[in-house]
Amino acid sequence: MKRKTLTTAVMAGLTGVAGMVSVANAVNVNPDGLGQVLLYPYYTARGGNDTLVSVVNTTTAGKAVKIRFIEGMNSREVLDFNIYLSEFDVWTAAVTDLEALGLGDGPGILTSDTTCTAPYIFGDFGGAVEFVNFQYAVGEGETVAGAETADGGPTGIERAASGYIEIIEMGTLEDEGVVDTWVTHDETGVPADCESVVDLWRTPADDAPTDGGGALGTWNENEGVGGDSTFSFNPDGATGGIFGAGSIINVNEGTMFSYNATAIDGFWGDGSTAHENPGNVNPGLGSSDQSISNVFVNGVVETIDWPDSVRAVNATLTLDQLMNEFNIESALGARTEWVLTFPTKRFHVDAAPSGSPFLESGAETPIPPFSETWTVDSPSSCDELSLGFWDREEQTPTPEPGDPGDVIISPPPPTQPPEEEPVFELCREANVIRFSNDL
């Protein structure tokens, strides 16, 4: 199998925080790849591709994390659930075409990993869960959480076949009983009792017997935190220490593109825990309680207090220019694709129902730096970018003999009307830029 590196950009990755003072008190990108939030810039189940995803807990404490799969057109969720990692635990899954496998009607995830999740995907779903279109296709009187969600874009499930992934730590499990008794894998490689963890979210019937001395529904009744100290979280809050990676594999073509997730640290303040019901879309990138960012600018730490937490996250991820390499040499069979993902763009532009909390429905003006809003009547948001390129000797392409601009013989050919120069735009929230000799 040929191994290739997927060139990625999440408007991030070039900032560092090594040696920063009080870095835990401000949002920052961790150059070691460890954090409280992980951003995976791209997944795809199109064209025979599968995307393998992993998240690793590097600590000696249990972790409750939210994993969220987001379609790449307008950043509407297509699946999320909770994962409960034991110490040094790893969870893996593949984003794939479940329909092609006879396991569903479209894209979704497939896992053989036994790590505890809520709901328990390995034990209760046979390891396969389909993506859903509820966050971008529900209208005509139906609602999701009391609101219509149709955003004017395509409503089919095929829209969910590519996008990006967020993983957000919700809290560090303090109680050894929950971790050791239920979440930690036994000698067979299976969590000791994941169903008891799931039970903490279940709402029992009035006449249902309690389970485990009152455990049934405890997290549900206490909004996820658990008023009973038996099910408490570390008072220091979400302590970080998770990392992740992704690989896009095409077996038929014999290719694999791999990347590391961008790790954001300092997303939660000291003592913050945001453990939510698996059926709740929160927490998300807009849920942080931190409005201060730390970013290296020309080797100097720049600390800024922003009006809200989203702009603090933006500061750690934003670049005003991006440079990278490409190779499309036909003799080598070389191909290059860049991925540019804007994981907070939705907060700036989504003016469709159930969109950005910062924009009124139908708003015509986006929040900078983006230039167009996404509305039901205008379901796209494009931004023009300038693009320049050079070869290995710092040269830009020159006209071939006979092209306009070359020295020619007389008489000259007829003059053609000038063609408008094409505009380079990025219109998605997860964009794939393909380099090619053939337009």
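Anything mentioned here points back to the structure above.
Cut-off values and rules
Residues numbered from 1 in each chain as written. Predicted model: local features only at pLDDT ≥ 70, side-chain atom pairs only at ≥ 80, totals over all residues. Heavy atoms only, no water. Helix = DSSP H or I, 4+ residues; strand = E, 2+ residues; numbered from the N terminus. Buried < 20%, exposed > 50% of the residue type's maximum accessible area, 1.4 Å probe, protein only. Contact = heavy atoms within 4.5 Å. Areas by Shrake-Rupley, 256 points an atom, 1.4 Å probe, with all protein chains shown as cover. Disulfide = S-S within 2.5 Å. Pairing = 2+ DSSP bridges. Core = buried A, V, L, I, M, F, W, Y, C linked by side-chain atoms within 4.5 Å. Polar contact = N/O pair within 3.5 Å; in protein donor to acceptor, adjacent residues only side chain to side chain. Patch = residues over 30% accessible without salt bridge, like charges linked within 9 Å, V, L, I, M, F, W, Y side chains within 5 Å. Salt bridge = Lys/Arg side-chain N within 4 Å of Asp/Glu carboxyl O.

*Asks:* Before we go on, may I ask you to explain the overall build of the chain in this structure?
*Replies:* If you tally the helices and strands in the chain, you get 7 helices and 21 strands. Evaluated residue by residue, the chain yields a buried proportion of 48% over its 439 residues. Counting only contacts in the chain whose residues sit at least 6 apart along the sequence, the fraction spanning at least 24 positions is 66%. For the chain, the accessible surface area stands at approximately 21900 Å², while carbon and sulfur atoms represent 51% of it.

*Asks:* Looking at this model, I keep getting lost on the state of the cysteines. Mind explaining?
*Replies:* Structurally, a disulfide amounts to a covalent bond that connects the sulfur atoms of two cysteines. In total, this model carries 2 disulfides according to the counting rule given. Disulfide pairing is shown between Cys116 and Cys194; the S-S distance is 2.1 Å. As the torsion about the S-S bond is roughly 80 degrees, the Cys116-Cys194 disulfide counts as right-handed. Of this pair, Cys116 sits in strand S10 (residues 116–118) while Cys194 is found in helix H4 (residues 194–199), placing the two residues 78 residues apart along the sequence. Of the two residues, Cys116 and Cys194, both sit in the buried class. Covalent S-S linkage joins Cys382 and Cys427, the inter-sulfur distance amounting to 1.9 Å. Across the S-S bond of Cys382 and Cys427 the torsion is about 115 degrees, and the bridge reads as right-handed. Here Cys427 lies in the loop between strand S20 (425–426) and strand S21 (430–435) and Cys382 lies in the loop between helix H7 (345–349) and strand S19 (383–384), a separation of 45 residues in the sequence.

*Asks:* What should I look at first to understand the pairing of strand S16 (residues 292–297) in this one?
*Replies:* Strand residues, when the strand is regular, have side chains that alternate between the two faces of the sheet. Direction of pairing for S16 relative to strand S17 (residues 300–305): antiparallel, over a ladder of 6 bridges. Looking across to S17, one finds that Ile292 is bridged to Asp305. Turn length for the S16-S17 hairpin, with the two strands adjacent in sequence and antiparallel, is 2 residues, and the turn residue Asn298 shows positive phi of about 55 degrees.

*Asks:* Looking at this model, I keep getting lost on the environment of Asp199. Mind explaining?
*Replies:* Inspection of the secondary structure puts Asp199 in helix H4. C-alpha of Asp199 to C-alpha of Asn220: the two residues are 21 residues apart in sequence and 9.2 Å apart in space.

*Asks:* Hey, could you run me through the pairing of strand S15 (residues 262–265) in this one?
*Replies:* Where strand S3 (residues 28–29) lies against S15, 2 bridges are found, and the strand directions are antiparallel. Across the sheet, residue Val29 finds its bridge partner in S15, namely Ile264. Bridge count between strand S4 (residues 37–44) and S15: 3 bridges; the pairing is antiparallel. Its bridge partner lying in S15, Val37 is registered against Ile264.

*Asks:* Which parts of the structure should I look at to understand the nonpolar core?
*Replies:* Side chains that are nonpolar tend, in soluble globular proteins, to be buried together. In terms of nonpolar packing, the biggest core is built from 29 residues, with Tyr40, Phe69, Phe81, Trp91, Ile109, Phe131 and Ile167 touching the most fellow members. Counting only elements with at least two residues in this core, the list comes to S4, strand S5 (50–57), strand S6 (62–71), strand S7 (77–85), strand S8 (90–97) and strand S12 (162–173). Examining the composition of this core, we find that 5 residues originate from one element, S7, more than from any other. The residues contacting Ile167, other than those within four sequence positions of it, are Gln36, Val37, Leu38, Tyr40, Val55, Val65, Lys66, Ile67 and Ile242. Counting residues in hydrophobic clusters, the runner-up holds 18 residues, among them Met170, Leu173, Val183 and Leu200.

*Asks:* What is the right way to look at the side chain of Thr375 in this model?
*Replies:* In this structure, Thr375 sits in the loop between H7 and S19. You can call Thr375 buried: its relative accessible area is 12%. Of the polar contacts made by the side chain of Thr375, one reaches the backbone nitrogen of Ser378; its length is 3.0 Å. Setting aside residues no more than four positions away along its own chain, Thr375 makes contact with Asp151, Ala351, Ala352, Gly362 and Ala363.

*Asks:* Can you help me understand unusual backbone geometry in this one?
*Replies:* For residues besides glycine, phi is generally negative; the peptide bonds are generally trans as well. Here the residue pair Ala118 and Pro119 is connected by a cis peptide bond, since its omega of -5 degrees sits within 30 degrees of zero. Put simply, Pro368 and Pro369 share a cis peptide bond, and its omega is 15 degrees. Within the fold, Pro369 resides in the loop between H7 and S19. Unlike most non-glycine residues, Ser75 shows phi in positive territory, near 55 degrees. Counting through the fold element by element, Ser75 comes out in the loop between S6 and S7. With a relative accessible area of 7%, Ser75 lands in the buried category.

*Asks:* What should I look at first to understand a nonpolar patch on the surface in this one?
*Replies:* The grouping of Phe326, Leu387 and Phe389 at the surface amounts to a nonpolar patch, some 270 Å² of accessible area in total. Note that Phe326 resides in the loop between helix H6 (309–317) and strand S18 (336–341). Here Phe326 falls in the partly exposed class, since its relative accessible area comes to 31%.

*Asks:* Would you take a moment to explain the pattern of salt bridges for this structure?
*Replies:* In a structure, side chains of opposite charge can pair up when their charged atoms sit close to one another. If you walk through the whole model with that rule in mind, you get 16 salt bridges. Glu77 is paired through a salt bridge with Arg68; the nearest N and O atoms lie 2.7 Å apart. The burial state of Glu77 is the same as that of Arg68; both residues are buried. We note a salt bridge from Asp383 to Lys345, for which the minimum N-O separation is 3.9 Å.

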